[in-house]
Amino acid sequence: MKKKLIILNYQKSIPTFINNIINEAVDDFEKVVLITRRLKVNDKVHKDATLYQESRLFWFFALLTTFFLLFSRKSVTSIIKAIKHKTFSFNFLKRHLVALGASQLLYFRAKKYIKKYGQENVSVLAIWFYAESLAAARLKKKFPAIKAISLSHAFEIDEERNTNALFLLNEFRHLYLDKILFISSRKMETYKKRVATIYKSINLENCSLLYLGTFKSIPGRTTILNDGVLRLVSCSSVIKLKRLDLILDSLSKVSSFKVEWHHFGGGYDFENIKSRAESINNDLVSITLFGNTSNQEILTRYGSYNYNLFINVSTTEGVPVSIMEACSYGIPTLATDVGGTREIVSNETGYLVDKDVTPEELEAIYEKHLKLSLNELNRISDLCIEKWEKKFNGAV
């Protein structure tokens, strides 16, 4: 009998990479089920997958039963570890409760599907190494014959952004998960070193690297012009850590060449960034903020427009899918050296800069890039595509 795949995702949206995973999985699994919370946006799931959105009523039920899990031995042990390592706070406890509640929600629903299909026929994939992976580990303990795997990105294991990163029943998750697949080598090694100092007997043999990769669903590549205009493009949520304000500050410094900046993506800071963009009084600079845009529309633009530089100045990353997509269309990248970004950006494919890069330094790189010959620009563009083909092509 063909296997069934149950995917766990406790986010308010369905990122593109999930549909990429489903696209590959439908050839190997008879049934693919995506279990998620009630989605905030009307995201589409792959046509061959079943989407199950859990009701708010069931969420409240899961939250009520969370208190039993909160006082379980494994949960209390994690809390004691957090206190010992001076991480415990009200915010920690709130995050801990929400994560436990989310894992309950996913656990209860997935359990019904496993009973329906038979545990020997089921694989469970946790999309994030957080509540989803805790649910997958608990399911593995309950149903030993299933295959339980978790992906691990950036936020889930970043101590600066997530106080619970090392104290969400990590020892338990490592014990029961068959595989923990990190999307960044640098992130994986940093995490392994840290947890080894906290949990002396933690199982790290199930940790391995898996670049998610992207699919080039829209053909084409950027056509680079050497006409003295910097056609800058970026794609991210409009939130503080993405530092779009730093890009604006750098553009305000431009004085000797023209710039067109296109940004794809929305977020809670969109109106603030929009207001700041409108206040830039520089005739050399043109800014278009597209807001939330479908992945297909973005890739179509990459393949048909004359972008000559992609920019990402985030304070933290895994290995950015947005950069993979830009690379696949031959767009060189200027990015901060954070997380696993250096695994895709180098001096051969663009510019890797310090996290604390200044607006003046960014402006100097823009000017340097524009002074390159057309042959050099096309050579860099070719290397971007070559790197994507070798390491980040999801179809290979």
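For the structure itself, look to the data block above.
Report on the accompanying structure. Keep in mind that this is a model prediction, so the values were computed, not measured. (Residues numbered from 1 in each chain as written. Predicted model: local features only at pLDDT ≥ 70, side-chain atom pairs only at ≥ 80, totals over all residues. Heavy atoms only, no water.)

## Details of helix H7 (residues 185-198)
- Helix length check: H7 (14 residues) gives 20 Å between terminal C-alpha atoms against 20 Å at 1.5 Å per residue, within 8%.
- Every buried residue of H7 is accounted for by Lys187, Met188, Tyr191, Val195 and Ile198. Down the axis of H7, the buried set is contained in an arc of 95°. They therefore lie on one face.
- For H7, the elements touching its buried residues are helix H3 (73-84), helix H6 (170-176), strand S6 (179-182) and strand S7 (207-209).
- Between the side-chain oxygen at the start of H7 and the backbone nitrogen of Arg186 there is a gap of 3.3 Å, and the oxygen is on Ser184. (Helix = DSSP H or I, 4+ residues; strand = E, 2+ residues; numbered from the N terminus. Expected span 1.5 Å × (residues − 1). Buried < 20%, exposed > 50% of the residue type's maximum accessible area, 1.4 Å probe, protein only. Arc of directions from axis to C-beta. Contact = heavy atoms within 4.5 Å. Polar contact = N/O pair within 3.5 Å; in protein donor to acceptor, adjacent residues only side chain to side chain.)

## Quick word on the packing of helix H4 (residues 90-117) against helix H5 (residues 131-142)
- Two elements in contact, H4 and H5, have axes separated by 8 Å at closest approach and are oriented at 45°. The orientation of H4 with respect to H5, classified from their angle, is oblique. Helix-helix and strand crossings are classified by hand; for H4 and H5 the assignment is right-handed. On H5, the residues that touch Ala99, Leu100, Ala102, Ser103, Gln104, Leu106, Tyr107, Ala110, Lys111 and Ile114 of H4 are Ala131, Glu132, Leu134, Ala135, Arg138, Leu139 and Lys142.
- Looking at the contact of H4 with H5 residue by residue, the classes come out as 11 nonpolar, 2 polar and 4 charged. (Axes fitted to C-alpha atoms, helices over the stretch in contact; angles between N-to-C directions. Parallel < 35°, antiparallel > 145°, perpendicular 65-115°, else oblique. Left-handed = near helix turned anticlockwise from the far one by under 90°. Nonpolar A, V, L, I, M, F, W, Y, C, P; charged D, E, K, R; others polar.)

## Here's the deal with the pattern of salt bridges
- Evaluation of the coordinates by the stated rule reveals 17 salt bridges.
- For the salt bridge of Lys47 with Asp48, the shortest nitrogen-to-oxygen distance reads 3.2 Å.
- Assessed through its relative accessible area of 73%, Lys47 is described here as exposed.
- Residue Arg379 is joined to Glu376 by a salt bridge in which the shortest nitrogen-to-oxygen separation is 2.9 Å. Highlighted residues: Arg379 and Glu376, both in helix H13 (residues 374-392), separated by 3 residues, approximately one helical turn.
- A cluster of three or more residues bridged by salt bridges with shared partners is formed by Arg186, Asp337 and Arg342. (Salt bridge = Lys/Arg side-chain N within 4 Å of Asp/Glu carboxyl O.)

## Regarding the sheet that holds strand S12 (residues 333-336)
- Reading across from one edge, S10-S9-S8-S11-S12-S13 is the order of the 6 strands in this open sheet, with parallel pairing throughout. In this open sheet, the two strands that pair with only one neighbour each are strand S10 (285-291) and strand S13 (350-353). Neighbour-to-neighbour, the strand axes of the sheet open up by a mean angle of 20°, direction not taken into account.
- Contacts from helix H8 (residues 244-252) reach strand S8 (229-235), strand S9 (258-264), S10 and strand S11 (309-312) within the one sheet, and its direction differs from that of S9 by about 170°. (Pairing = 2+ DSSP bridges.)

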